[in-house]
Amino acid sequence: MSVDHYENFPVGSLALPRRLRRPVHAVYAFARYADDLADEGSAPPQERLAALDTLAADLDRMAAGLRPHSALMLRLDDEAVRPFALPLAPFYDLLSAFRQDVRVTRYRHYADLADYCRRSANPVGRIMLHLFGQTDSVSIAQSDGICTALQLINFWQDVAADWQKGRVYLPQEDMARFGVTEAHLAEGRADAAFQRLMAFECGRAFKILKAGSPLGKTLRGRAGFELRMIVVGGLLVLQKLDGVQYDVFRRRPVLGWKDGAVMFRRALLKK
(Lines give C-alpha, C1' and ligand atoms only; values in the text may rest on other atoms or scores of the structure.)
Protein backbone atom coordinates (compact mmCIF):
# COMPACT_ATOMS: atom_id res chain seq x y z
CA MET A 1 0.00 0.00 0.00
CA SER A 2 1.43 3.32 -1.03
CA VAL A 3 -0.28 5.57 1.49
CA ASP A 4 0.45 6.54 5.06
CA HIS A 5 -1.84 4.07 6.81
CA TYR A 6 -2.57 0.37 6.44
CA GLU A 7 0.72 -0.03 4.59
CA ASN A 8 0.14 -3.72 3.97
CA PHE A 9 -3.43 -3.45 2.71
CA PRO A 10 -3.54 -4.61 -0.95
CA VAL A 11 -5.24 -1.52 -2.32
CA GLY A 12 -4.97 -0.92 -6.04
CA SER A 13 -2.62 -3.84 -6.57
CA LEU A 14 -2.61 -5.23 -10.09
CA ALA A 15 -2.35 -8.68 -8.51
CA LEU A 16 -5.76 -8.25 -6.91
CA PRO A 17 -8.54 -9.93 -8.91
CA ARG A 18 -10.59 -7.33 -10.78
CA ARG A 19 -13.87 -8.48 -9.23
CA LEU A 20 -12.47 -7.72 -5.77
CA ARG A 21 -11.08 -4.26 -6.42
CA ARG A 22 -14.29 -2.34 -5.73
CA PRO A 23 -15.08 -4.15 -2.45
CA VAL A 24 -11.47 -3.88 -1.31
CA HIS A 25 -11.46 -0.16 -2.09
CA ALA A 26 -14.71 0.27 -0.14
CA VAL A 27 -13.30 -1.57 2.88
CA TYR A 28 -10.08 0.41 2.66
CA ALA A 29 -11.98 3.71 2.48
CA PHE A 30 -13.81 2.78 5.69
CA ALA A 31 -10.62 1.74 7.48
CA ARG A 32 -8.64 4.75 6.31
CA TYR A 33 -11.37 7.24 7.22
CA ALA A 34 -11.93 5.73 10.66
CA ASP A 35 -8.18 5.57 11.31
CA ASP A 36 -7.82 9.23 10.36
CA LEU A 37 -10.63 10.14 12.75
CA ALA A 38 -8.57 8.62 15.55
CA ASP A 39 -5.14 9.82 14.45
CA GLU A 40 -5.16 12.89 12.26
CA GLY A 41 -5.92 16.57 12.82
CA SER A 42 -6.31 18.46 16.06
CA ALA A 43 -9.83 17.52 17.16
CA PRO A 44 -10.22 16.84 20.90
CA PRO A 45 -10.64 13.20 22.02
CA GLN A 46 -14.37 13.48 22.69
CA GLU A 47 -14.99 14.77 19.18
CA ARG A 48 -12.96 11.93 17.69
CA LEU A 49 -14.85 9.35 19.75
CA ALA A 50 -18.19 10.85 18.77
CA ALA A 51 -17.29 10.61 15.08
CA LEU A 52 -16.32 6.95 15.52
CA ASP A 53 -19.60 6.35 17.35
CA THR A 54 -21.42 7.72 14.30
CA LEU A 55 -19.78 5.05 12.16
CA ALA A 56 -20.72 2.41 14.72
CA ALA A 57 -24.34 3.60 14.59
CA ASP A 58 -24.34 3.01 10.84
CA LEU A 59 -22.95 -0.48 11.41
CA ASP A 60 -25.80 -1.05 13.85
CA ARG A 61 -28.25 -0.06 11.13
CA MET A 62 -26.63 -2.47 8.70
CA ALA A 63 -26.77 -5.24 11.31
CA ALA A 64 -30.50 -4.57 11.67
CA GLY A 65 -31.02 -4.83 7.91
CA LEU A 66 -31.41 -1.08 7.49
CA ARG A 67 -29.57 1.28 5.20
CA PRO A 68 -26.72 3.31 6.69
CA HIS A 69 -26.87 7.11 6.57
CA SER A 70 -23.45 8.23 5.36
CA ALA A 71 -22.15 7.95 1.80
CA LEU A 72 -19.06 6.14 3.07
CA MET A 73 -21.09 3.44 4.79
CA LEU A 74 -23.56 3.16 1.90
CA ARG A 75 -20.61 2.43 -0.36
CA LEU A 76 -19.31 -0.16 2.08
CA ASP A 77 -22.73 -1.78 2.27
CA ASP A 78 -23.39 -1.73 -1.47
CA GLU A 79 -19.97 -2.74 -2.75
CA ALA A 80 -18.67 -5.08 -0.07
CA VAL A 81 -20.93 -6.16 2.78
CA ARG A 82 -24.10 -7.10 0.90
CA PRO A 83 -22.60 -8.60 -2.28
CA PHE A 84 -20.16 -10.78 -0.34
CA ALA A 85 -22.24 -11.34 2.82
CA LEU A 86 -19.38 -9.99 4.91
CA PRO A 87 -19.71 -10.36 8.68
CA LEU A 88 -19.79 -7.07 10.53
CA ALA A 89 -17.75 -8.22 13.53
CA PRO A 90 -14.41 -7.27 11.91
CA PHE A 91 -15.67 -3.73 11.28
CA TYR A 92 -16.78 -3.38 14.89
CA ASP A 93 -13.36 -4.66 15.97
CA LEU A 94 -11.65 -2.01 13.86
CA LEU A 95 -13.72 0.74 15.43
CA SER A 96 -12.89 -0.65 18.88
CA ALA A 97 -9.17 -0.42 18.07
CA PHE A 98 -9.54 3.12 16.74
CA ARG A 99 -11.32 4.17 19.94
CA GLN A 100 -8.42 2.64 21.83
CA ASP A 101 -6.01 4.77 19.80
CA VAL A 102 -7.74 7.83 21.19
CA ARG A 103 -7.66 6.65 24.80
CA VAL A 104 -4.53 4.49 25.19
CA THR A 105 -0.93 5.59 24.58
CA ARG A 106 1.07 2.90 26.43
CA TYR A 107 1.00 -0.91 26.61
CA ARG A 108 2.23 -2.57 29.79
CA HIS A 109 2.37 -6.16 28.51
CA TYR A 110 2.88 -7.74 25.11
CA ALA A 111 -0.47 -9.49 25.57
CA ASP A 112 -2.14 -6.07 25.68
CA LEU A 113 -0.47 -5.11 22.41
CA ALA A 114 -1.40 -8.44 20.83
CA ASP A 115 -5.03 -7.85 21.79
CA TYR A 116 -4.87 -4.44 20.12
CA CYS A 117 -3.47 -6.07 16.97
CA ARG A 118 -6.30 -8.59 17.13
CA ARG A 119 -8.72 -5.73 16.63
CA SER A 120 -6.64 -3.27 14.58
CA ALA A 121 -4.96 -5.57 12.04
CA ASN A 122 -6.46 -9.05 12.09
CA PRO A 123 -9.94 -7.88 11.02
CA VAL A 124 -8.52 -6.69 7.70
CA GLY A 125 -7.16 -10.14 6.96
CA ARG A 126 -10.40 -11.80 7.97
CA ILE A 127 -12.38 -9.50 5.69
CA MET A 128 -10.04 -10.36 2.82
CA LEU A 129 -10.47 -14.09 3.47
CA HIS A 130 -14.23 -13.67 3.27
CA LEU A 131 -13.84 -11.85 -0.03
CA PHE A 132 -11.62 -14.68 -1.28
CA GLY A 133 -14.07 -17.29 0.00
CA GLN A 134 -11.55 -19.12 2.21
CA THR A 135 -12.69 -19.00 5.82
CA ASP A 136 -11.60 -22.31 7.33
CA SER A 137 -10.10 -22.17 10.82
CA VAL A 138 -6.51 -22.83 9.69
CA SER A 139 -6.61 -20.04 7.11
CA ILE A 140 -8.07 -17.61 9.64
CA ALA A 141 -5.38 -18.47 12.21
CA GLN A 142 -2.62 -18.03 9.62
CA SER A 143 -4.12 -14.76 8.43
CA ASP A 144 -4.28 -13.50 12.00
CA GLY A 145 -0.61 -14.32 12.41
CA ILE A 146 0.39 -12.49 9.24
CA CYS A 147 -1.68 -9.43 10.12
CA THR A 148 -0.44 -9.24 13.70
CA ALA A 149 3.16 -9.56 12.51
CA LEU A 150 2.75 -6.86 9.87
CA GLN A 151 1.20 -4.53 12.44
CA LEU A 152 4.11 -5.14 14.82
CA ILE A 153 6.64 -4.53 12.05
CA ASN A 154 4.93 -1.25 11.26
CA PHE A 155 5.13 -0.28 14.94
CA TRP A 156 8.87 -0.99 15.01
CA GLN A 157 9.36 1.06 11.86
CA ASP A 158 7.49 3.93 13.45
CA VAL A 159 8.88 4.04 17.00
CA ALA A 160 10.16 7.58 16.44
CA ALA A 161 7.06 8.84 14.61
CA ASP A 162 4.71 7.36 17.23
CA TRP A 163 6.73 9.00 20.00
CA GLN A 164 6.08 12.36 18.36
CA LYS A 165 2.36 11.55 18.55
CA GLY A 166 2.67 10.71 22.24
CA ARG A 167 2.39 6.95 21.75
CA VAL A 168 4.67 4.09 22.71
CA TYR A 169 3.83 0.64 21.38
CA LEU A 170 6.94 -1.04 22.76
CA PRO A 171 5.60 -3.08 25.71
CA GLN A 172 6.70 -1.55 28.98
CA GLU A 173 7.60 -4.96 30.41
CA ASP A 174 10.00 -5.52 27.51
CA MET A 175 11.51 -2.06 27.84
CA ALA A 176 12.22 -2.71 31.52
CA ARG A 177 13.69 -6.13 30.76
CA PHE A 178 16.23 -4.65 28.32
CA GLY A 179 16.93 -1.49 30.29
CA VAL A 180 15.26 0.89 27.87
CA THR A 181 13.35 3.94 29.12
CA GLU A 182 11.27 6.57 27.41
CA ALA A 183 14.33 8.80 27.59
CA HIS A 184 15.75 6.65 24.79
CA LEU A 185 12.80 7.60 22.63
CA ALA A 186 12.84 11.27 23.59
CA GLU A 187 16.56 11.53 22.87
CA GLY A 188 16.57 9.28 19.81
CA ARG A 189 19.14 7.07 21.52
CA ALA A 190 19.67 3.77 19.69
CA ASP A 191 22.27 2.36 22.07
CA ALA A 192 23.06 -1.30 22.68
CA ALA A 193 20.10 -1.71 25.06
CA PHE A 194 17.67 -0.27 22.54
CA GLN A 195 19.13 -2.42 19.77
CA ARG A 196 18.69 -5.57 21.86
CA LEU A 197 15.09 -4.63 22.62
CA MET A 198 14.30 -3.98 18.97
CA ALA A 199 16.04 -7.17 17.88
CA PHE A 200 13.87 -9.09 20.34
CA GLU A 201 10.65 -7.45 19.11
CA CYS A 202 11.57 -7.94 15.46
CA GLY A 203 12.49 -11.55 16.12
CA ARG A 204 9.08 -12.16 17.64
CA ALA A 205 7.38 -10.54 14.64
CA PHE A 206 9.50 -12.69 12.29
CA LYS A 207 8.38 -15.92 13.98
CA ILE A 208 4.72 -14.91 13.86
CA LEU A 209 4.98 -13.89 10.21
CA LYS A 210 6.69 -17.13 9.19
CA ALA A 211 4.09 -19.19 11.07
CA GLY A 212 1.30 -17.57 9.05
CA SER A 213 3.12 -17.52 5.71
CA PRO A 214 1.89 -20.93 4.43
CA LEU A 215 -1.44 -19.20 3.76
CA GLY A 216 0.22 -17.56 0.76
CA LYS A 217 0.62 -20.98 -0.81
CA THR A 218 -2.82 -22.36 0.01
CA LEU A 219 -4.66 -19.30 -1.31
CA ARG A 220 -5.00 -19.85 -5.02
CA GLY A 221 -4.39 -17.57 -7.96
CA ARG A 222 -3.86 -13.84 -7.63
CA ALA A 223 -4.94 -13.83 -3.99
CA GLY A 224 -2.11 -16.14 -3.01
CA PHE A 225 0.37 -14.21 -5.13
CA GLU A 226 -0.71 -10.95 -3.49
CA LEU A 227 -0.31 -12.40 -0.02
CA ARG A 228 3.10 -13.87 -0.78
CA MET A 229 4.27 -10.44 -1.94
CA ILE A 230 2.98 -8.89 1.28
CA VAL A 231 4.76 -11.48 3.43
CA VAL A 232 8.03 -11.00 1.55
CA GLY A 233 7.64 -7.25 2.00
CA GLY A 234 7.33 -7.69 5.74
CA LEU A 235 10.43 -9.87 5.82
CA LEU A 236 12.36 -7.29 3.81
CA VAL A 237 11.43 -4.54 6.25
CA LEU A 238 12.72 -6.68 9.10
CA GLN A 239 15.98 -7.12 7.20
CA LYS A 240 16.22 -3.37 6.69
CA LEU A 241 15.61 -2.72 10.38
CA ASP A 242 18.47 -5.06 11.20
CA GLY A 243 20.58 -3.40 8.50
CA VAL A 244 20.34 0.03 10.15
CA GLN A 245 20.97 -1.56 13.57
CA TYR A 246 17.45 -0.60 14.58
CA ASP A 247 18.26 3.11 14.59
CA VAL A 248 14.78 4.15 13.48
CA PHE A 249 15.39 7.64 14.86
CA ARG A 250 17.73 8.55 12.01
CA ARG A 251 16.35 6.37 9.24
CA ARG A 252 12.95 4.75 8.87
CA PRO A 253 13.43 1.64 6.71
CA VAL A 254 10.97 1.56 3.81
CA LEU A 255 10.49 -0.55 0.70
CA GLY A 256 11.73 0.85 -2.59
CA TRP A 257 11.23 -0.09 -6.24
CA LYS A 258 14.11 -2.59 -6.11
CA ASP A 259 12.37 -4.32 -3.23
CA GLY A 260 9.25 -4.55 -5.36
CA ALA A 261 11.17 -6.58 -7.90
CA VAL A 262 12.43 -8.90 -5.15
CA MET A 263 8.92 -9.28 -3.78
CA PHE A 264 7.54 -10.11 -7.22
CA ARG A 265 10.23 -12.69 -7.95
CA ARG A 266 9.97 -14.45 -4.60
CA ALA A 267 6.18 -14.46 -4.72
CA LEU A 268 6.27 -15.90 -8.22
CA LEU A 269 8.66 -18.65 -7.13
CA LYS A 270 6.64 -19.19 -3.93
CA LYS A 271 9.69 -18.62 -1.75
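Bear in mind that the values here come from a model prediction, so they are computed numbers and not experimental data.

S.K.: Can you walk me through the packing of aromatic side chains in this structure?
M.R.: For any pair of aromatic rings, geometry is given as the distance between the ring centres together with the angle between the planes. Counted according to the given criterion, the structure contains 10 aromatic pairs. Consider the rings of F194 and F249, whose centres lie 5.1 Å apart with planes at 40°: the pair is tilted. Here the residue F194 occupies a position in helix 11 (residues 192-212), and F249 occupies one in the loop between helix 13 (221-243) and helix 14 (257-269), the gap between them amounting to 55 residues. Each member of the pair F194 and F249 is classed as buried.

S.K.: Can you help me understand the environment of E226 in this one?
M.R.: As for its placement among the helices and strands, E226 is situated in helix 13. Given the relative accessible area of 8%, E226 is considered buried. Along the backbone, E226 and L16 are 210 residues apart, and their C-alpha atoms lie at a distance of 6.7 Å.

S.K.: Sorry if this is basic, but what is going on with the side chain of R48 here?
M.R.: Counting through the fold element by element, R48 comes out in helix 2 (residues 45-63). Of the side chains bearing the opposite charge, D39 lies closest to the buried R48, which forms no salt bridge; the N-O distance is 6.2 Å.

S.K.: Could you clarify how one ought to interpret a nonpolar patch on the surface in this entry?
M.R.: Residues F264, L268 and L269 make up a contiguous nonpolar surface patch of about 320 Å² in total accessible area. Position of F264 among the secondary structure elements: in helix 14. Since its relative accessible area comes to 44%, F264 is described here as partly exposed.

S.K.: Is there a simple way to think about the pattern of salt bridges in this case?
M.R.: Throughout the structure, instances matching the rule amount to 19 salt bridges. Ionic pairing is found between R67 and D78, a salt bridge with its closest N-O pair at 2.7 Å. One end of the pair, R67, is in the loop between helix 2 and helix 3 (71-84); the other, D78, is in helix 3, with 11 residues separating them in the sequence. When its relative accessible area of 36% is taken as the criterion, R67 is described as partly exposed. The residue R119 makes a salt bridge to D115 at a minimum N-O spacing of 2.9 Å. With a gap of 4 residues between them, R119 and D115 both fall in helix 5 (residues 110-120), about one helical turn apart. A residue is classified by how much of its surface remains accessible, and D115, at 31% relative accessible area, is partly exposed. Within the structure, one salt-bridge network assembled from shared partners comprises R67, D77, D78 and R82.

S.K.: Help me understand the nonpolar core in this model?
M.R.: Soluble globular proteins tend to pack their nonpolar side chains together in the buried interior. One finds F91, W156, L170 and F194 to be the most contacted residues of the largest nonpolar core, which totals 77 residues. Those residues in contact with L170, other than ones at most four positions away along the chain, are Y107, W156, V159, M175, L185, F194, L197, M198 and E201. The next biggest cluster of nonpolar side chains, apart from the first, holds 7 residues, and it includes V232, L236, M263 and A267.

Calculation notes
Residues numbered from 1 in each chain as written. Predicted model: local features only at pLDDT ≥ 70, side-chain atom pairs only at ≥ 80, totals over all residues. Heavy atoms only, no water. Phe/Tyr/Trp six-rings, centres within 6.5 Å; stacked < 30°, edge-to-face > 60°. Helix = DSSP H or I, 4+ residues; strand = E, 2+ residues; numbered from the N terminus. Buried < 20%, exposed > 50% of the residue type's maximum accessible area, 1.4 Å probe, protein only. Lys, Arg positive; Asp, Glu negative; His and termini not counted. Salt bridge = Lys/Arg side-chain N within 4 Å of Asp/Glu carboxyl O. Patch = residues over 30% accessible without salt bridge, like charges linked within 9 Å, V, L, I, M, F, W, Y side chains within 5 Å. Areas by Shrake-Rupley, 256 points an atom, 1.4 Å probe, with all protein chains shown as cover. Core = buried A, V, L, I, M, F, W, Y, C linked by side-chain atoms within 4.5 Å. Contact = heavy atoms within 4.5 Å.

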